[in-house]
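As a plain string of letters, each chain reads:
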Amino acid sequence: MGKLANLVREYEARKGLLDQLAVALEIGLRECVGELSRIDRIAVRVKDPSSFARKASRYKVPLEEIEDQVAGRILVHFVSDIDRVSNRLCARFSVVEGFRHEPERDAEFGYESHHHVFLIPDHLKPDGWEAFDPMPTTFEVQIRTLFMHAYAEPQHDFAYKGGELPREIQRQLAWIAASAWGADRAYEQVRAHFSAEESAGS
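Residues numbered from 1 in each chain as written. Predicted model: local features only at pLDDT ≥ 70, side-chain atom pairs only at ≥ 80, totals over all residues. Heavy atoms only, no water.

Peer 1: Would you mind going over the sheet that holds strand 4 (residues 113–119) in detail, with residue names and values included?
Peer 2: The mixed open sheet is built from five strands, whose spatial order is 1-2-5-4-3. For this open sheet the edge positions go to strand 1 (39–46) and strand 3 (95–101), each flanked by a neighbour on one side alone. Averaged over all pairs of adjacent strands, the angle between strand axes in this sheet comes to 15°, irrespective of strand direction. Pairing of strand 2 (residues 70–76) with strand 5 (residues 138–145) involves six bridges; the strand directions are parallel. Residue pairing for strand 5: Ile 74 is matched across the bridge by Ile 143. (Pairing = 2+ DSSP bridges. Helix = DSSP H or I, 4+ residues; strand = E, 2+ residues; numbered from the N terminus. Axes fitted to C-alpha atoms, helices over the stretch in contact; angles between N-to-C directions.)

Peer 1: Run through the packing of helix 1 (residues 3–33) against helix 4 (residues 79–92), naming residues and quoting values.
Peer 2: A pair of packed helices can be characterised by two numbers: the angle between their axes and the separation between those axes. It is at 9 Å that the axes of helix 1 and helix 4 come closest, and there the two elements cross at 115°. Of the two possible hands of crossing, helix 1 and helix 4 adopt the one that is right-handed. Counted together, Gly 28, Leu 29, Glu 31, Cys 32 and Val 33 of helix 1 and Val 85, Arg 88, Leu 89 and Arg 92 of helix 4 form the full contact between these two elements. A class-by-class count of the residues in the contact of helix 1 with helix 4 yields five nonpolar, one polar and three charged. (Left-handed = near helix turned anticlockwise from the far one by under 90°. Contact = heavy atoms within 4.5 Å. Nonpolar A, V, L, I, M, F, W, Y, C, P; charged D, E, K, R; others polar.)

Peer 1: So, the packing of helix 1 against helix 2 (residues 49–56): which residues are in play, and what are the values?
Peer 2: Where helix 1 contacts helix 2, the axes come no closer than 10 Å and their chain directions differ by 135°. Here helix 2 runs oblique to helix 1, going by the angle between their axes. The handedness of the crossing between helix 1 and helix 2 is right-handed. Contacts between helix 1 and helix 2 involve Leu 4, Leu 7, Val 8, Tyr 11, Glu 12 and Lys 15 on the former and, on the latter, Pro 49, Phe 52, Ala 53 and Ala 56. (Parallel < 35°, antiparallel > 145°, perpendicular 65-115°, else oblique.)

Peer 1: Outline the nonpolar core, listing residues and values.
Peer 2: Proteins that are soluble and globular tend to have nonpolar side chains buried together. Judged by nonpolar contacts, the single largest core of 35 residues is most densely connected at Val 33, Ile 39, Val 70, Ile 74, Val 85, Leu 89 and Val 141. Listed by contribution, the elements that provide at least two residues to this core are helix 1, strand 1, helix 2, strand 2, helix 4 and strand 5. The biggest single contributor to this core is helix 1, with 10 residues. Ignoring any residue separated from it by four or fewer positions in sequence, one finds Val 33 in contact with Ile 39, Ile 42, Ile 74, Val 85, Arg 88 and Leu 89. (Core = buried A, V, L, I, M, F, W, Y, C linked by side-chain atoms within 4.5 Å. Buried < 20%, exposed > 50% of the residue type's maximum accessible area, 1.4 Å probe, protein only.)

Peer 1: So, the packing of aromatic side chains: which residues are in play, and what are the values?
Peer 2: Any two aromatic rings considered together are summarised by their centre-to-centre distance and by the angle between their planes. The final tally for this structure, using the stated rule, is seven aromatic pairs. Taking 4.2 Å as the distance between ring centres and 10° as the angle between the ring planes, the aromatic pair formed by Tyr 11 and Phe 52 counts as stacked. Of this pair, Tyr 11 sits in helix 1 while Phe 52 sits in helix 2, and the two are 41 residues apart along the sequence. As far as burial versus exposure is concerned, Tyr 11 and Phe 52 are alike and both buried. Through successive ring pairs, a cluster of aromatic residues spans Phe 78, Phe 147 and Tyr 187. Positioned over the ring face of Phe 93 is Arg 92, at 5.8 Å from the centre of the ring. (Phe/Tyr/Trp six-rings, centres within 6.5 Å; stacked < 30°, edge-to-face > 60°. Lys NZ or Arg CZ within 6 Å of the ring centre and 35° of its normal.)

Right, here's the structure in full:
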């Protein structure tokens, strides 16, 4: 049996523990930010073994180093909500890194998402965690608006189909990304308008 197949078997042997960790982390995220306004959903998932296999070749010790074996996603209504959620998470969990995915050039439109990598809190690790070595030390949280998510999820699925996309399809995807970007900015202006009216009336 090849090295990759062995890695996937080891990952599958650990998946029950990762599933338990995902449940605990989702509860922790809800306790941390759940009472904030304008949050649409909070979810935590465990990476599928096939997805783990596609990523494993990039790492020396994938069972430990792949940061999103367990990953959370928080969807918010407005762009300005991202910082509110991010600040709350960073005050609660130990930060490894934070970064923003966005197109490299100002004139481009495409995938956008705010990512944080945190250390897994020891008290959330399920019983039996120490029986396996190596194990992941981190988990990832993505924060997106609903419009960022509406573009990102189908686009992510298309990317795994492989092959070069026809020019017209690439243009259509760019138009969808631009529309999502514009919708976020328009909604932010509407939010700011009503927020200013409320402040003036108080």
